[in-house]
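Architecture and fold: a report
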Amino acid sequence: MKIQLSEHFTYHKLLRFVFPSIVMMIFTSIYGVVDGLFVSNFAGKTPFAAINLIMPLLIILGALGFMVGAGGTAIVAKTLGEGDKEKANRYFSMLVYTVAIGGTVLALLGILLARPAAMMLGAEGKMLDYCVKYARIVLIALPFFMLQNVFQSFFIAAEKPNLGLYVTVAAGVTNIVLDALFVGLFRWGLEGAAAATAVSQFVGGVLPILYFARPNDSLLKLGKTEFYPAVLFKTVTNGSSELMSNISSSIVTVLYNHQLMEYAGEDGLAAYGAIMYVAFTFVAIFIGYAVGSAPIISFHFGAKNHAELKNLLKKSLVLLSVCGVCMMLLGFALSHPLAKLFVGYDKALMEMTKRGFIIYSLHFLICGINIYGSSLFTALNNGGISAAIAFLRTLVFQSASVMLLPLLFELDGVWFSVLVAEVLALVTTLFFIVYKRKEYRYF
(Lines give C-alpha, C1' and ligand atoms only; values in the text may rest on other atoms or scores of the structure.)
Protein backbone atom coordinates (compact mmCIF):
# COMPACT_ATOMS: atom_id res chain seq x y z
CA MET A 1 0.00 0.00 0.00
CA LYS A 2 1.32 3.43 -0.97
CA ILE A 3 2.32 5.66 1.94
CA GLN A 4 1.63 9.38 1.48
CA LEU A 5 3.56 12.26 3.00
CA SER A 6 0.39 13.57 4.61
CA GLU A 7 -0.20 10.47 6.76
CA HIS A 8 0.37 9.89 10.48
CA PHE A 9 3.51 7.77 10.85
CA THR A 10 3.75 4.83 13.22
CA TYR A 11 7.12 3.12 13.75
CA HIS A 12 6.19 0.49 11.19
CA LYS A 13 4.98 2.98 8.61
CA LEU A 14 8.01 5.25 9.13
CA LEU A 15 10.44 2.36 8.67
CA ARG A 16 8.58 1.18 5.57
CA PHE A 17 8.75 4.67 4.06
CA VAL A 18 12.47 5.29 4.75
CA PHE A 19 13.64 1.74 3.99
CA PRO A 20 14.04 2.33 0.23
CA SER A 21 16.12 5.43 0.95
CA ILE A 22 18.37 3.49 3.32
CA VAL A 23 18.97 0.75 0.77
CA MET A 24 19.43 3.43 -1.89
CA MET A 25 22.21 5.11 0.09
CA ILE A 26 23.86 1.76 0.78
CA PHE A 27 24.00 1.00 -2.92
CA THR A 28 25.34 4.48 -3.61
CA SER A 29 28.17 3.82 -1.17
CA ILE A 30 28.85 0.53 -2.94
CA TYR A 31 30.41 2.44 -5.86
CA GLY A 32 33.52 3.27 -3.89
CA VAL A 33 33.52 0.04 -1.88
CA VAL A 34 33.48 -2.21 -4.94
CA ASP A 35 36.10 -0.11 -6.73
CA GLY A 36 38.33 -0.24 -3.68
CA LEU A 37 37.83 -3.96 -3.16
CA PHE A 38 38.72 -4.89 -6.71
CA VAL A 39 41.57 -2.40 -7.06
CA SER A 40 43.12 -3.41 -3.73
CA ASN A 41 43.02 -7.13 -4.52
CA PHE A 42 43.77 -7.06 -8.25
CA ALA A 43 45.90 -3.93 -8.78
CA GLY A 44 47.71 -3.49 -5.44
CA LYS A 45 47.89 -1.06 -2.57
CA THR A 46 49.47 1.85 -4.50
CA PRO A 47 46.52 2.27 -6.93
CA PHE A 48 44.21 1.64 -3.94
CA ALA A 49 45.90 4.42 -1.98
CA ALA A 50 45.70 6.69 -5.06
CA ILE A 51 41.90 6.34 -5.21
CA ASN A 52 41.69 7.27 -1.53
CA LEU A 53 43.89 10.31 -2.11
CA ILE A 54 41.91 11.74 -5.04
CA MET A 55 38.48 10.82 -3.65
CA PRO A 56 38.02 14.10 -1.69
CA LEU A 57 37.99 16.07 -4.96
CA LEU A 58 35.36 13.79 -6.49
CA ILE A 59 33.24 13.88 -3.33
CA ILE A 60 33.24 17.68 -3.26
CA LEU A 61 32.07 17.93 -6.88
CA GLY A 62 29.40 15.26 -6.48
CA ALA A 63 28.22 16.88 -3.25
CA LEU A 64 26.74 19.76 -5.22
CA GLY A 65 24.05 17.32 -6.31
CA PHE A 66 23.31 16.38 -2.70
CA MET A 67 23.10 20.09 -1.87
CA VAL A 68 20.47 20.81 -4.53
CA GLY A 69 18.64 17.57 -3.78
CA ALA A 70 18.34 18.17 -0.04
CA GLY A 71 17.75 21.93 -0.22
CA GLY A 72 15.44 21.74 -3.20
CA THR A 73 13.40 18.84 -1.87
CA ALA A 74 12.74 20.78 1.34
CA ILE A 75 11.31 23.65 -0.73
CA VAL A 76 9.36 21.44 -3.13
CA ALA A 77 7.90 19.24 -0.36
CA LYS A 78 6.95 22.32 1.67
CA THR A 79 5.24 23.78 -1.42
CA LEU A 80 3.35 20.50 -1.90
CA GLY A 81 2.30 20.67 1.76
CA GLU A 82 0.93 24.16 1.10
CA GLY A 83 -1.20 22.69 -1.70
CA ASP A 84 0.47 24.26 -4.78
CA LYS A 85 1.46 21.27 -6.95
CA GLU A 86 1.99 23.32 -10.14
CA LYS A 87 4.48 25.65 -8.51
CA ALA A 88 6.26 22.68 -6.90
CA ASN A 89 6.74 21.09 -10.34
CA ARG A 90 8.13 24.29 -11.83
CA TYR A 91 10.64 24.57 -8.97
CA PHE A 92 11.55 20.89 -9.40
CA SER A 93 12.14 21.25 -13.15
CA MET A 94 14.25 24.38 -12.79
CA LEU A 95 16.53 22.73 -10.23
CA VAL A 96 17.06 19.60 -12.32
CA TYR A 97 17.96 21.60 -15.44
CA THR A 98 20.33 23.79 -13.44
CA VAL A 99 22.19 20.74 -12.07
CA ALA A 100 22.51 19.19 -15.54
CA ILE A 101 24.09 22.35 -16.98
CA GLY A 102 26.24 23.11 -13.94
CA GLY A 103 27.44 19.50 -13.71
CA THR A 104 28.65 19.57 -17.31
CA VAL A 105 30.69 22.72 -16.70
CA LEU A 106 32.21 21.31 -13.51
CA ALA A 107 33.11 18.05 -15.25
CA LEU A 108 35.08 19.88 -17.92
CA LEU A 109 36.90 22.01 -15.35
CA GLY A 110 37.64 18.95 -13.21
CA ILE A 111 39.15 17.03 -16.11
CA LEU A 112 41.40 19.97 -16.97
CA LEU A 113 42.51 20.53 -13.38
CA ALA A 114 42.83 16.90 -12.26
CA ARG A 115 46.65 16.83 -12.29
CA PRO A 116 47.31 20.06 -10.35
CA ALA A 117 44.55 19.10 -7.91
CA ALA A 118 46.15 15.69 -7.31
CA MET A 119 49.52 17.35 -6.77
CA MET A 120 47.98 19.72 -4.21
CA LEU A 121 46.67 16.66 -2.36
CA GLY A 122 50.21 15.30 -2.13
CA ALA A 123 50.30 12.80 -4.99
CA GLU A 124 53.60 12.21 -6.76
CA GLY A 125 55.26 9.62 -8.98
CA LYS A 126 53.14 6.63 -9.90
CA MET A 127 50.47 7.60 -7.41
CA LEU A 128 50.02 10.94 -9.21
CA ASP A 129 49.48 9.19 -12.53
CA TYR A 130 46.96 6.82 -10.96
CA CYS A 131 45.08 9.72 -9.35
CA VAL A 132 44.79 11.63 -12.62
CA LYS A 133 43.67 8.60 -14.63
CA TYR A 134 40.98 7.65 -12.15
CA ALA A 135 39.68 11.20 -11.72
CA ARG A 136 39.46 12.02 -15.42
CA ILE A 137 37.52 8.88 -16.27
CA VAL A 138 35.07 9.24 -13.38
CA LEU A 139 34.55 12.97 -14.03
CA ILE A 140 33.18 12.21 -17.49
CA ALA A 141 30.03 10.99 -15.72
CA LEU A 142 29.91 13.80 -13.12
CA PRO A 143 26.69 15.46 -14.46
CA PHE A 144 24.87 12.12 -14.24
CA PHE A 145 26.23 11.42 -10.75
CA MET A 146 25.04 14.83 -9.58
CA LEU A 147 21.61 14.19 -11.10
CA GLN A 148 21.45 10.81 -9.40
CA ASN A 149 22.14 12.51 -6.07
CA VAL A 150 19.43 15.09 -6.78
CA PHE A 151 16.82 12.50 -7.72
CA GLN A 152 17.47 10.41 -4.62
CA SER A 153 15.72 13.12 -2.62
CA PHE A 154 13.12 14.09 -5.21
CA PHE A 155 11.89 10.50 -5.62
CA ILE A 156 10.89 10.62 -1.95
CA ALA A 157 9.12 13.97 -2.31
CA ALA A 158 7.29 12.48 -5.31
CA GLU A 159 6.09 9.64 -3.01
CA LYS A 160 8.05 7.14 -5.11
CA PRO A 161 10.86 6.00 -2.80
CA ASN A 162 10.75 2.48 -4.25
CA LEU A 163 11.46 3.78 -7.75
CA GLY A 164 14.46 5.66 -6.38
CA LEU A 165 15.62 2.41 -4.84
CA TYR A 166 15.25 0.50 -8.12
CA VAL A 167 17.28 3.10 -10.00
CA THR A 168 20.06 3.04 -7.41
CA VAL A 169 20.11 -0.77 -7.33
CA ALA A 170 20.35 -0.82 -11.12
CA ALA A 171 23.32 1.56 -10.97
CA GLY A 172 24.94 -0.39 -8.13
CA VAL A 173 24.55 -3.75 -9.87
CA THR A 174 25.99 -2.22 -13.05
CA ASN A 175 29.03 -1.08 -11.07
CA ILE A 176 29.55 -4.49 -9.46
CA VAL A 177 29.21 -6.44 -12.71
CA LEU A 178 31.49 -4.10 -14.66
CA ASP A 179 34.10 -4.09 -11.88
CA ALA A 180 34.14 -7.89 -11.99
CA LEU A 181 34.56 -7.79 -15.78
CA PHE A 182 36.91 -4.82 -16.22
CA VAL A 183 39.11 -5.34 -13.16
CA GLY A 184 38.69 -8.99 -12.19
CA LEU A 185 38.46 -10.63 -15.63
CA PHE A 186 40.04 -8.22 -18.11
CA ARG A 187 42.63 -6.96 -15.56
CA TRP A 188 42.28 -3.30 -16.62
CA GLY A 189 43.22 -2.25 -13.11
CA LEU A 190 42.41 1.22 -11.82
CA GLU A 191 41.21 2.43 -15.21
CA GLY A 192 38.70 -0.43 -15.35
CA ALA A 193 37.35 0.46 -11.92
CA ALA A 194 36.95 4.09 -12.96
CA ALA A 195 35.13 3.11 -16.16
CA ALA A 196 32.78 0.82 -14.20
CA THR A 197 31.91 3.66 -11.83
CA ALA A 198 31.35 6.15 -14.68
CA VAL A 199 28.97 3.82 -16.54
CA SER A 200 27.00 3.05 -13.37
CA GLN A 201 26.64 6.77 -12.62
CA PHE A 202 25.34 7.32 -16.15
CA VAL A 203 22.67 4.69 -15.47
CA GLY A 204 21.77 6.32 -12.14
CA GLY A 205 21.38 9.77 -13.70
CA VAL A 206 19.57 8.93 -16.95
CA LEU A 207 16.85 6.54 -15.72
CA PRO A 208 15.18 9.15 -13.43
CA ILE A 209 15.15 11.69 -16.27
CA LEU A 210 13.34 9.18 -18.48
CA TYR A 211 10.76 8.63 -15.74
CA PHE A 212 10.07 12.23 -14.74
CA ALA A 213 10.10 13.53 -18.33
CA ARG A 214 7.18 11.25 -19.23
CA PRO A 215 3.60 11.32 -17.92
CA ASN A 216 3.62 9.52 -14.55
CA ASP A 217 1.44 9.05 -11.47
CA SER A 218 3.85 10.70 -9.01
CA LEU A 219 3.57 14.17 -7.51
CA LEU A 220 6.38 15.52 -9.71
CA LYS A 221 7.05 15.81 -13.44
CA LEU A 222 9.73 17.54 -15.51
CA GLY A 223 8.27 20.19 -17.76
CA LYS A 224 8.30 23.86 -18.68
CA THR A 225 9.66 26.24 -16.13
CA GLU A 226 11.48 29.52 -15.75
CA PHE A 227 14.47 30.68 -13.78
CA TYR A 228 13.64 31.39 -10.13
CA PRO A 229 16.76 33.01 -8.67
CA ALA A 230 15.21 33.34 -5.21
CA VAL A 231 14.31 29.63 -5.14
CA LEU A 232 17.77 28.65 -6.36
CA PHE A 233 19.36 30.85 -3.69
CA LYS A 234 17.12 29.36 -1.01
CA THR A 235 17.96 25.87 -2.28
CA VAL A 236 21.69 26.54 -2.10
CA THR A 237 21.53 28.10 1.36
CA ASN A 238 19.09 25.51 2.68
CA GLY A 239 21.13 22.62 1.30
CA SER A 240 24.46 24.16 2.23
CA SER A 241 24.77 21.81 5.20
CA GLU A 242 24.97 18.80 2.85
CA LEU A 243 27.59 20.58 0.73
CA MET A 244 29.42 21.78 3.83
CA SER A 245 29.37 18.30 5.30
CA ASN A 246 30.88 16.76 2.17
CA ILE A 247 33.45 19.52 1.65
CA SER A 248 34.42 19.43 5.30
CA SER A 249 34.68 15.64 5.22
CA SER A 250 36.93 15.90 2.18
CA ILE A 251 39.16 18.45 3.88
CA VAL A 252 39.28 16.28 6.98
CA THR A 253 40.18 13.29 4.79
CA VAL A 254 43.16 15.25 3.50
CA LEU A 255 44.21 15.89 7.11
CA TYR A 256 43.72 12.22 7.93
CA ASN A 257 45.87 11.26 4.95
CA HIS A 258 48.58 13.67 6.10
CA GLN A 259 48.57 12.28 9.64
CA LEU A 260 48.49 8.69 8.46
CA MET A 261 51.45 9.26 6.14
CA GLU A 262 53.26 10.79 9.11
CA TYR A 263 52.57 7.94 11.55
CA ALA A 264 52.12 4.88 9.30
CA GLY A 265 53.21 5.71 5.73
CA GLU A 266 51.47 4.25 2.66
CA ASP A 267 50.08 1.38 4.77
CA GLY A 268 48.21 3.95 6.84
CA LEU A 269 46.50 5.31 3.72
CA ALA A 270 45.53 1.81 2.62
CA ALA A 271 44.18 0.94 6.10
CA TYR A 272 42.19 4.17 6.27
CA GLY A 273 40.81 3.54 2.80
CA ALA A 274 39.54 0.10 3.79
CA ILE A 275 38.00 1.46 7.01
CA MET A 276 36.30 4.33 5.21
CA TYR A 277 34.86 2.13 2.49
CA VAL A 278 33.19 -0.03 5.13
CA ALA A 279 32.23 2.99 7.26
CA PHE A 280 30.56 4.62 4.23
CA THR A 281 28.22 1.65 4.02
CA PHE A 282 27.46 1.73 7.75
CA VAL A 283 26.89 5.49 7.84
CA ALA A 284 24.78 5.22 4.66
CA ILE A 285 22.06 3.69 6.84
CA PHE A 286 21.87 6.85 8.95
CA ILE A 287 22.07 9.12 5.90
CA GLY A 288 19.37 7.08 4.17
CA TYR A 289 17.08 7.49 7.16
CA ALA A 290 17.72 11.25 7.24
CA VAL A 291 17.13 11.60 3.49
CA GLY A 292 14.02 9.43 3.57
CA SER A 293 12.37 11.18 6.51
CA ALA A 294 13.24 14.78 5.53
CA PRO A 295 10.44 15.27 2.94
CA ILE A 296 7.89 14.08 5.52
CA ILE A 297 9.10 16.74 7.93
CA SER A 298 9.06 19.42 5.22
CA PHE A 299 5.52 18.47 4.18
CA HIS A 300 4.09 18.63 7.71
CA PHE A 301 6.05 21.82 8.38
CA GLY A 302 4.39 23.38 5.34
CA ALA A 303 1.01 22.04 6.49
CA LYS A 304 1.65 23.40 10.03
CA ASN A 305 0.96 19.96 11.52
CA HIS A 306 2.96 20.34 14.74
CA ALA A 307 1.59 17.17 16.32
CA GLU A 308 3.08 15.08 13.54
CA LEU A 309 6.40 16.92 13.81
CA LYS A 310 6.51 15.91 17.49
CA ASN A 311 5.69 12.34 16.56
CA LEU A 312 8.39 12.18 13.88
CA LEU A 313 11.15 13.63 16.06
CA LYS A 314 10.43 11.32 18.99
CA LYS A 315 10.29 8.18 16.88
CA SER A 316 13.39 9.15 14.91
CA LEU A 317 15.52 9.68 18.01
CA VAL A 318 14.45 6.29 19.39
CA LEU A 319 15.13 4.45 16.14
CA LEU A 320 18.51 6.11 15.59
CA SER A 321 19.64 5.36 19.15
CA VAL A 322 18.76 1.66 18.87
CA CYS A 323 20.37 1.48 15.43
CA GLY A 324 23.53 3.15 16.76
CA VAL A 325 24.04 0.45 19.38
CA CYS A 326 23.49 -2.30 16.82
CA MET A 327 25.88 -0.70 14.33
CA MET A 328 28.64 -0.34 16.90
CA LEU A 329 28.38 -3.99 17.95
CA LEU A 330 28.27 -5.10 14.32
CA GLY A 331 31.42 -3.10 13.62
CA PHE A 332 33.22 -4.89 16.44
CA ALA A 333 32.09 -8.30 15.16
CA LEU A 334 33.00 -7.68 11.52
CA SER A 335 36.35 -5.93 12.04
CA HIS A 336 38.45 -9.02 11.34
CA PRO A 337 36.62 -10.47 8.30
CA LEU A 338 36.30 -7.04 6.67
CA ALA A 339 39.98 -6.21 7.20
CA LYS A 340 40.86 -9.59 5.72
CA LEU A 341 38.57 -9.02 2.75
CA PHE A 342 40.24 -5.74 1.77
CA VAL A 343 43.89 -6.20 2.75
CA GLY A 344 44.25 -9.84 3.71
CA TYR A 345 47.28 -10.13 1.42
CA ASP A 346 49.39 -8.19 3.94
CA LYS A 347 49.23 -9.47 7.55
CA ALA A 348 50.65 -6.35 9.22
CA LEU A 349 48.35 -4.09 7.20
CA MET A 350 45.38 -6.31 8.03
CA GLU A 351 46.06 -6.06 11.77
CA MET A 352 46.41 -2.27 11.53
CA THR A 353 43.11 -2.07 9.64
CA LYS A 354 41.33 -4.35 12.13
CA ARG A 355 42.41 -2.31 15.16
CA GLY A 356 41.54 0.95 13.43
CA PHE A 357 38.05 -0.28 12.52
CA ILE A 358 37.31 -1.46 16.08
CA ILE A 359 38.16 1.98 17.45
CA TYR A 360 36.40 3.76 14.58
CA SER A 361 33.21 1.73 15.18
CA LEU A 362 32.64 3.44 18.52
CA HIS A 363 31.36 6.55 16.79
CA PHE A 364 28.48 4.66 15.15
CA LEU A 365 26.78 4.82 18.55
CA ILE A 366 25.98 8.55 18.22
CA CYS A 367 26.72 9.75 14.69
CA GLY A 368 23.21 8.90 13.46
CA ILE A 369 21.64 11.50 15.74
CA ASN A 370 24.09 14.15 14.52
CA ILE A 371 23.38 13.34 10.88
CA TYR A 372 19.65 13.45 11.52
CA GLY A 373 19.91 16.72 13.45
CA SER A 374 21.49 18.52 10.51
CA SER A 375 18.93 17.02 8.10
CA LEU A 376 16.08 17.98 10.43
CA PHE A 377 16.87 21.69 10.19
CA THR A 378 17.35 21.45 6.41
CA ALA A 379 13.87 19.93 6.19
CA LEU A 380 12.55 22.79 8.34
CA ASN A 381 14.07 25.24 5.83
CA ASN A 382 16.61 26.48 8.38
CA GLY A 383 19.81 26.11 6.39
CA GLY A 384 21.81 28.23 8.84
CA ILE A 385 21.53 25.88 11.81
CA SER A 386 21.82 22.83 9.57
CA ALA A 387 25.07 24.18 8.10
CA ALA A 388 26.36 25.11 11.56
CA ILE A 389 25.89 21.56 12.84
CA ALA A 390 27.53 20.09 9.73
CA PHE A 391 30.39 22.61 9.77
CA LEU A 392 31.21 22.11 13.45
CA ARG A 393 30.81 18.34 13.31
CA THR A 394 32.89 17.61 10.25
CA LEU A 395 35.38 20.44 9.91
CA VAL A 396 36.00 22.09 13.28
CA PHE A 397 35.70 19.15 15.67
CA GLN A 398 37.22 16.48 13.43
CA SER A 399 40.06 18.71 12.20
CA ALA A 400 41.03 19.66 15.74
CA SER A 401 40.78 16.07 16.95
CA VAL A 402 42.82 14.52 14.14
CA MET A 403 45.58 17.09 14.53
CA LEU A 404 45.80 17.00 18.35
CA LEU A 405 45.07 13.42 19.47
CA PRO A 406 47.93 11.78 17.49
CA LEU A 407 50.35 13.97 19.48
CA LEU A 408 49.27 11.99 22.55
CA PHE A 409 48.26 8.59 21.21
CA GLU A 410 50.07 8.44 17.81
CA LEU A 411 48.22 6.20 15.31
CA ASP A 412 45.41 5.32 17.76
CA GLY A 413 44.81 9.05 18.12
CA VAL A 414 43.88 9.19 14.43
CA TRP A 415 41.30 6.43 14.87
CA PHE A 416 39.85 7.94 18.09
CA SER A 417 39.53 11.44 16.64
CA VAL A 418 36.20 10.80 14.92
CA LEU A 419 34.63 9.59 18.19
CA VAL A 420 35.75 12.70 20.07
CA ALA A 421 34.37 14.88 17.26
CA GLU A 422 31.00 13.09 17.29
CA VAL A 423 30.64 13.53 21.06
CA LEU A 424 31.20 17.27 20.71
CA ALA A 425 28.79 17.35 17.75
CA LEU A 426 26.12 15.53 19.76
CA VAL A 427 26.22 18.23 22.43
CA THR A 428 25.87 20.87 19.68
CA THR A 429 23.00 19.06 17.93
CA LEU A 430 20.98 18.55 21.11
CA PHE A 431 21.53 22.19 22.06
CA PHE A 432 20.03 23.44 18.78
CA ILE A 433 17.10 21.01 18.96
CA VAL A 434 16.21 22.20 22.45
CA TYR A 435 16.91 25.86 21.63
CA LYS A 436 14.49 25.84 18.65
CA ARG A 437 11.75 23.76 20.28
CA LYS A 438 9.36 26.70 20.78
CA GLU A 439 9.75 27.99 17.23
CA TYR A 440 9.10 24.67 15.48
CA ARG A 441 7.01 23.02 18.23
CA TYR A 442 8.36 19.52 17.61
CA PHE A 443 8.26 18.67 21.32
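Here, the structure is the one placed above.
What you are looking at is a predicted structure, and each value in this text was computed from that prediction instead of being measured. (Residues numbered from 1 in each chain as written. Predicted model: local features only at pLDDT ≥ 70, side-chain atom pairs only at ≥ 80, totals over all residues. Heavy atoms only, no water.)

1. Notes on the overall build of the protein chain
A count of helical and extended segments in the protein chain gives 15 helices and zero strands. For the protein chain, whose C-alpha radius of gyration is 21 Å, the value lies close to the compact-globule estimate of 22 Å for 443 residues. Seen along its three principal axes, the alpha-carbon backbone of the protein chain occupies a region of about 60 × 45 × 35 Å. Put simply, 82% of the contacts in the protein chain that link residues at least 6 apart link residues at least 24 apart. Charge centroids of the protein chain, computed over 31 positive and 23 negative side chains, lie 9 Å from each other. (Helix = DSSP H or I, 4+ residues; strand = E, 2+ residues; numbered from the N terminus. Rg over C-alpha atoms; globule rule 2.2 N^0.38 Å. Contact = heavy atoms within 4.5 Å. Lys, Arg positive; Asp, Glu negative; His and termini not counted. Charge placed at Lys NZ, Arg CZ, Asp CG, Glu CD.)

2. With respect to the nonpolar core
If you look at the biggest cluster of nonpolar residues, it comprises 130 residues, and the most contacted ones within it are Phe92, Tyr134, Leu220, Phe377, Trp415 and Tyr442. Beyond its immediate chain neighbours, meaning those up to four positions away, tryptophan 415 contacts Leu260, Ala271, Tyr272, Ile275, Gly356, Ile359 and Tyr360. (Core = buried A, V, L, I, M, F, W, Y, C linked by side-chain atoms within 4.5 Å. Buried < 20%, exposed > 50% of the residue type's maximum accessible area, 1.4 Å probe, protein only.)

3. Considerations on unusual backbone geometry
We note that glutamate 159 has phi near 60°; this positive angle belongs to a residue other than glycine. The residue glutamate 159 is located in the loop between helix H5 (142–157) and helix H6 (161–185) in this model. At arginine 187, a position not held by glycine, the phi torsion is positive, near 60°. Tracing the chain through its elements places arginine 187 in the loop between H6 and helix H7 (189–212). Its relative accessible area of 56% is what places arginine 187 among the exposed residues.

4. Some words on the layout of surface pockets
Within this model, the largest pocket holds a volume of roughly 200 Å³. In terms of lining, the largest pocket is formed by 12 residues, of which the most central are Lys2, Ile3, Glu159, Pro161 and Asn162. Those elements that place two or more of their residues in the lining of the largest pocket are helix H1 (11–42) and H6. Ranked by the residues each element gives to the lining of the largest pocket, the list is headed by H6, at four residues. Tallied by class, residues from the lining of the largest pocket come to seven nonpolar, one polar and four charged. Pro56, Leu57, Ile60, Ala117, Met120, Leu121, Ser250, Ile251 and Val254 together form the lining of the second largest pocket. (1 Å grid on protein atoms, 1.4 Å probe; cavity = no way out; pocket = protein on both sides within 12 Å on 5 of 7 lines; lining within 4 Å. Points joined across faces, edges and corners; volume = space filled by probe spheres on them. Nonpolar A, V, L, I, M, F, W, Y, C, P; charged D, E, K, R; others polar.)

5. Some remarks on a nonpolar patch on the surface
Nonpolar side chains collect at one region of the surface, where Val173, Val177, Leu181, Leu185, Phe186 and Trp188 lie side by side and expose about 550 Å² of accessible area between them. Within the secondary structure layout, leucine 181 lies in helix H6. Overall, the relative accessible area of 33% leaves leucine 181 in the partly exposed class. (Patch = residues over 30% accessible without salt bridge, like charges linked within 9 Å, V, L, I, M, F, W, Y side chains within 5 Å. Areas by Shrake-Rupley, 256 points an atom, 1.4 Å probe, with all protein chains shown as cover. Salt bridge = Lys/Arg side-chain N within 4 Å of Asp/Glu carboxyl O.)

6. Quick look at the state of the cysteines
Per the stated rule, a full pass over the model turns up zero disulfides. Lacking any disulfide linkage, cysteine 367 is separated from the closest cysteine sulfur, that of cysteine 323, by 8.9 Å. (Disulfide = S-S within 2.5 Å.)

7. Some remarks on empty space enclosed by the protein
Over the atoms a probe the size of a water molecule is rolled, and this reveals where empty space is left. Summed over the entire model, instances satisfying the criterion amount to four cavities of 30 Å³ or more. In this structure, the second largest cavity is lined by Asn52, Met55, Ile59, Thr253, Asn257, Tyr272, Gly273, Met276, Tyr277 and Phe280. The residue inventory of the lining of the second largest cavity, partitioned by class, reads six nonpolar, four polar and no charged.

8. What to know about the side chain of threonine 235
Mapped onto the secondary structure, threonine 235 falls in helix H8 (residues 229–238). The exposure class of threonine 235 is buried, given its relative accessible area of 0%. In contact with threonine 235, not counting residues within four places along its chain, are Met67, Val68, Gly71, Gly72, Ile75 and Leu95.

9. Quick look at the packing of aromatic side chains
In total, this model carries 27 aromatic pairs according to the counting rule given. Note on phenylalanine 144 and phenylalanine 202: the rings are 4.7 Å apart at their centroids and 65° apart in plane angle, and the pair reads as edge-to-face. Within this pair, whereas phenylalanine 144 is found in helix H5, its partner phenylalanine 202 is found in helix H7, the two being separated by 58 residues in sequence. With a relative accessible area of 25%, phenylalanine 144 lands in the partly exposed category. Look at phenylalanine 202 and you get partly exposed, because its relative accessible area is 42%. An aromatic cluster is present here, built from Phe92, Phe151, Phe154, Phe155, Tyr211 and Phe212 joined pairwise through their rings. (Phe/Tyr/Trp six-rings, centres within 6.5 Å; stacked < 30°, edge-to-face > 60°.)

10. A look at the packing of H5 against H6
Interhelical geometry of H5 versus H6 gives an angle of 155° and a closest axis separation of 7 Å. Considering their axes alone, H5 and H6 lie roughly antiparallel with respect to each other. Of the residues in H6, those touching H5 at Gln148, Gln152, Phe155 and Ile156 are Pro161, Leu163, Gly164, Val167, Thr168 and Ala171. For the contact of H5 with H6, the class distribution of residues is six nonpolar, four polar and no charged. (Axes fitted to C-alpha atoms, helices over the stretch in contact; angles between N-to-C directions. Parallel < 35°, antiparallel > 145°, perpendicular 65-115°, else oblique.)

Read these as spatial facts, not as claims about activity.
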